[in-house]
Amino acid sequence: MNLIEYAIKMENDGESFYREQAILNEGSGLSVVCEMLARDEAGHAKVLAERARGVSSMLGDSDVLSVARNVFADMVKNNDDMRDVESQLDFYRLAAGKEEESIRMYSELLDGAKSGYEVELYEYLLGQEREHLAVLGEIVRML
């Protein structure tokens, strides 16, 4: 398996992880944020798969960080029931590890980029994963 195939697998695994977390946290703001993160990861897998086929995709921006901040602010303002804090922190630790692994992988891919589009793609994906890590930081701040 080459690095691009591995990246696609990681993105698909990330999507599954966040969808599972959305279900586990159904009814909370965390569920909404996890669904957004899952959609982002699915989009990342799609652009990577297209790149593997030699197709250059449009790279879209994500608003997950600003939406997450609003969701969490509303939860705090409305004094919404926060689920078990320890399990939330466990979620954070696991998710942050996944995002950090993605950041390392995209940094490695960026170092080996051969074209302008590859540089743009891997810089984009690095930015996206850093934004996801920031969202997770917002979860911890809220907790």
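Residues numbered from 1 in each chain as written. Predicted model: local features only at pLDDT ≥ 70, side-chain atom pairs only at ≥ 80, totals over all residues. Heavy atoms only, no water.

### Some points on helix α1 (residues 3–24)
(1) Moving on: Between the first and last C-alpha of α1 there are 31 Å, a value that for 22 residues agrees with the 32 Å anticipated at 1.5 Å per step.
(2) Moving on: Taken together, the buried positions of α1 are Ile-4, Ala-7, Ile-8, Met-10, Glu-11, Gly-14, Glu-15, Phe-17, Tyr-18, Gln-21 and Ala-22.
(3) Moving on: The opening residue of α1, the one whose side-chain oxygen lies 3.0 Å from the backbone nitrogen of Ile-4, is Asn-2. (Helix = DSSP H or I, 4+ residues; strand = E, 2+ residues; numbered from the N terminus. Expected span 1.5 Å × (residues − 1). Buried < 20%, exposed > 50% of the residue type's maximum accessible area, 1.4 Å probe, protein only. Polar contact = N/O pair within 3.5 Å; in protein donor to acceptor, adjacent residues only side chain to side chain.)

### With respect to the packing of helix α2 (residues 29–52) against helix α5 (residues 116–142)
(1) Moving on: Between α2 and α5, whose axes approach to 12 Å, the crossing angle comes to 165 degrees. As summarised for this structure, α2 and α5 are arranged roughly antiparallel, according to the angle between their axes. In this structure, α2 meets α5 at a crossing whose hand is left-handed. For the pair α2 and α5, contact is made by Leu-30, Val-33, Leu-37, Asp-40, Glu-41, His-44, Val-47, Leu-48 and Arg-51 and by Tyr-117, Glu-118, Leu-121, Tyr-122, Tyr-124, Leu-125, Gln-128, Glu-129, His-132, Val-135 and Ile-139, respectively. (Axes fitted to C-alpha atoms, helices over the stretch in contact; angles between N-to-C directions. Parallel < 35°, antiparallel > 145°, perpendicular 65-115°, else oblique. Left-handed = near helix turned anticlockwise from the far one by under 90°. Contact = heavy atoms within 4.5 Å.)

### What to know about the side chain of Glu-129
(1) Moving on: Residue placement: Glu-129 occurs in helix α5.
(2) Moving on: No salt bridge forms around the buried Glu-129; measuring N to O, its nearest opposite-charge neighbour Arg-130 is 9.9 Å away.
(3) Moving on: Here the side chain of Glu-129 touches His-44 through a polar contact of 3.2 Å, side chain to side chain.
(4) Moving on: The residues contacting Glu-129, other than those within four sequence positions of it, are Glu-11, Glu-41, His-44, Glu-99, Ser-102, Ile-103 and Tyr-106. (Lys, Arg positive; Asp, Glu negative; His and termini not counted. Salt bridge = Lys/Arg side-chain N within 4 Å of Asp/Glu carboxyl O.)

### Details of the packing of α1 against α2
Two measures define how a pair of helices packs: the angle their axes make with one another and the distance between the axes.
(1) Moving on: Remark: α1 packs on α2, axes separated minimally by 8 Å, with the N-to-C direction vectors making an angle of 160 degrees. In terms of axis orientation, α1 runs roughly antiparallel to α2. In the crossing of α1 with α2, the sense of the turn from one axis to the other is left-handed.
(2) Moving on: Partitioned by chemical class, the residues of the contact of α1 with α2 number 13 nonpolar, five polar and six charged. (Nonpolar A, V, L, I, M, F, W, Y, C, P; charged D, E, K, R; others polar.)

### Quick word on the confidence of the model for the protein
(1) Moving on: Looking at the protein, the pLDDT average stands at 82 and 79% of residues meet or exceed 70.
(2) Moving on: Element-level mean pLDDT values for the protein span from 63 in helix α3 (residues 64–77) up to 92 in α1. (pLDDT = per-residue confidence, 0-100.)

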